[in-house]
Amino acid sequence: MCAAAVCAGAAAWLITGQDQGLRRARLLLADGGAVAGPPWWSWERVLLAVRPRREWLCLPAALVVAVLGKSVVPLVVGAVAVPLVRRRLQARQRRSEKDHRAEGVVALCGAVAGELRAGLQPGQALLFGARETKALGEGEAAVLAAARFGGDVADALRAAARQPGAEGLAGLAACWRVAVDSGAGLAAGLDRLEAALRAERDQRKDLASQLAGAWSTVMLLALLPVAGLGMGWALGADPLAVLFHTSGGIACLVAGGLLEAAGLFWAGRIVRAGEEA
């Protein structure tokens, strides 16, 4: 009952926390009823509340297993899994942001080269391309200020290239420096840089598609214990009662959990080694 109350309180906090932006918008407007929001209960509101904190779904799942198995062990495991799942989701989000920023850098090179051929000056072309692609991230303000007011654009681009996924901006900075110092054509250099970045992106995508089968195998291995429990229920046994309430079952649970964790870690390490290479 305590665990159920904690989960219910967490769900209420997640749902009510999404109303802060709506309340702030209503306070800023003269007419308090000018901002229309979704009803207090809707699936859209639930999804918006749960998605940023998906790691907390481990607790309801653990609560269900705890009720079925009449043991507090799943609750402990679910509580331990929350920070691990959070770290995994954050790493996935960082990879997604890195890939998105790399795509933006490629688009930025193409946009700037196109605007240069259309007759714009380099600073104006960079301003237009940066606003269209949003590839500069946190360094956008510094780069745009340098391009608009005659600052050192190459240094600003090199500083922005320190962001994950924005390494291609270092090549853009080099092209900019060469064009400023020697008068070389910036558009031609950006075309070659764009082609190189596209080739690198295609190589990463090809590698990801080749490793997708390996990751699928890892996930399949992770779900095999769940399939074994399902087969036990299908045969009329009570595997959770054996695992949580007998000494032999507890020993098998601990040993199996350790072996499962070691196997997943080792398999994931092999696949990640292929990605890094």
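As the structure is a computational prediction, the values presented were derived from the model and not from experiment. (Residues numbered from 1 in each chain as written. Predicted model: local features only at pLDDT ≥ 70, side-chain atom pairs only at ≥ 80, totals over all residues. Heavy atoms only, no water.)

**Notes on the overall build of the protein**
Selection rule: Strands here are runs of E lasting at least two residues and helices are runs of H or I lasting at least four, both read from the DSSP assignment and numbered beginning at the N terminus. Three labels apply to residues, based on accessible area from a 1.4 Å probe with only protein chains included: buried if under 20% of the type maximum, exposed if over 50%, partly exposed otherwise in between. Note on areas: Shrake-Rupley, 1.4 Å probe, and residue coverage restricted to the protein chains presented here.
Helix and strand counts for the protein come out as 12 helices and zero strands. Its helices and strands taken in sequence order, the protein reads α-α-α-α-α-α-α-α-α-α-α-α from the N to the C terminus. Classification of the 277 residues of the protein by burial places 29% in the buried group. For the protein, the exposed area adds up to about 17,700 Å²; of that, 65% sits on carbon and sulfur atoms.

**Things to note about helix H8 (residues 153-160)**
Going by this rule: This arc is built from the directions going out from the helix axis to the C-beta atoms. Note on contacts: a residue pair qualifies if any of its non-hydrogen atoms lie within 4.5 Å across the two residues.
The set of residues buried in H8 consists of Val153, Ala154, Ala156, Leu157 and Ala160. Buried residues in H8, looked at end-on, bunch into an arc of 160°, giving them a common side. Where H8 is buried, its residues meet helix H6 (122-133), helix H7 (140-149) and helix H9 (168-182).

**Quick word on the packing of H9 against helix H10 (residues 186-234)**
For clarity, the threshold we go by: All axes are obtained by fitting lines to C-alpha atoms, using only the stretch in contact for helices, and the reported angles, taken between N-to-C directions, cover 0 to 180 degrees. Should an angle fall under 35 degrees it is called roughly parallel, over 145 degrees roughly antiparallel, and 65 to 115 degrees roughly perpendicular, with every other angle called oblique. Each crossing is labelled by how the near helix is turned from the far one, with a counterclockwise turn of less than a right angle marking it left-handed and a clockwise turn marking it right-handed. Gly is put with the polar residues, along with every residue not named as nonpolar or charged; the nonpolar set is Ala, Val, Leu, Ile, Met, Phe, Trp, Tyr, Cys and Pro, and the charged set is Asp, Glu, Lys and Arg.
It is at 9 Å that the axes of H9 and H10 come closest, and there the two elements cross at 160°. As far as their axial angle goes, H10 and H9 are roughly antiparallel. For the crossing formed where H9 meets H10, the hand is right-handed. Between H9 and H10, the residues in contact are Gly168, Gly171, Leu172, Cys175, Trp176 and Ala179 and Leu186, Gly189, Leu190, Leu193 and Leu197, respectively. When the residues that make up the contact of H9 with H10 are grouped by side-chain class, the tally is eight nonpolar, three polar and no charged.

**Focus on a nonpolar patch on the surface**
Our working definition: Residues form patches when they are more than 30% accessible in relative terms and have no salt bridge. Like charges link within 9 Å. Nonpolar side chains (Val, Leu, Ile, Met, Phe, Trp, Tyr) link within 5 Å. By definition, a salt bridge exists where a carboxyl oxygen of Asp or Glu is found within 4 Å of a side-chain nitrogen of Lys or Arg.
Judged by side-chain polarity, Val72, Val73, Val77 and Leu253 come together as a nonpolar surface patch covering roughly 310 Å² of accessible area. By secondary structure assignment, the location of Val73 is in helix H5 (residues 73-117). Take Val73: its relative accessible area is 36%, and that puts it in the partly exposed class.

**Re the confidence of the model for the protein**
As a note on interpretation, predicted positions should not be read in detail where pLDDT is low. What counts is decided by this rule: As a per-residue measure, pLDDT tells how confident the predictor is, with possible values from 0 to 100.
With 80% of its residues at a pLDDT of 70 or more, the protein shows a mean pLDDT of 79. Considering each helix and strand of the protein separately, the mean pLDDT is smallest for helix H2 (residues 20-28), with a value of 47, and largest for H8, with 90.

**Things to note about unusual backbone geometry**
With a phi angle near 55°, Lys70 is a residue other than glycine that sits in the positive phi range. Looking at the element boundaries, Lys70 is found in the loop between helix H4 (58-69) and H5. Even without a glycine there, the phi angle at Lys134 is positive, about 55°. Looking at the secondary structure, you find Lys134 in the loop between H6 and H7.

**Some remarks on the pattern of salt bridges**
For the structure on display, the rule yields 10 salt bridges. Between Arg117 and Asp191 there is a salt bridge; the shortest N-O distance is 1.9 Å. Here Arg117, found in helix H5, pairs with Asp191, found in helix H10; they are 74 residues apart in sequence, far enough to count as distant. Given a relative accessible area of 54%, Arg117 falls into the exposed group. Counted as one network, the salt bridges with shared partners bring together Glu103, Arg201, Asp202 and Lys205.

**What to know about H7**
Residues of H7 that are buried include every one of Glu140, Val143, Leu144, Ala146 and Ala147, and no others. Down the axis of H7, the sector holding all buried residues measures 160°, keeping them to one side. Of the exposed residues in H7, those oriented more than 90 degrees away from the buried face are Ala141 and Phe149. Tucked into the core, H7 has its buried residues touching H6 and H8. Just downstream of H7 lies Gly150, where phi reads positive at about 80°.

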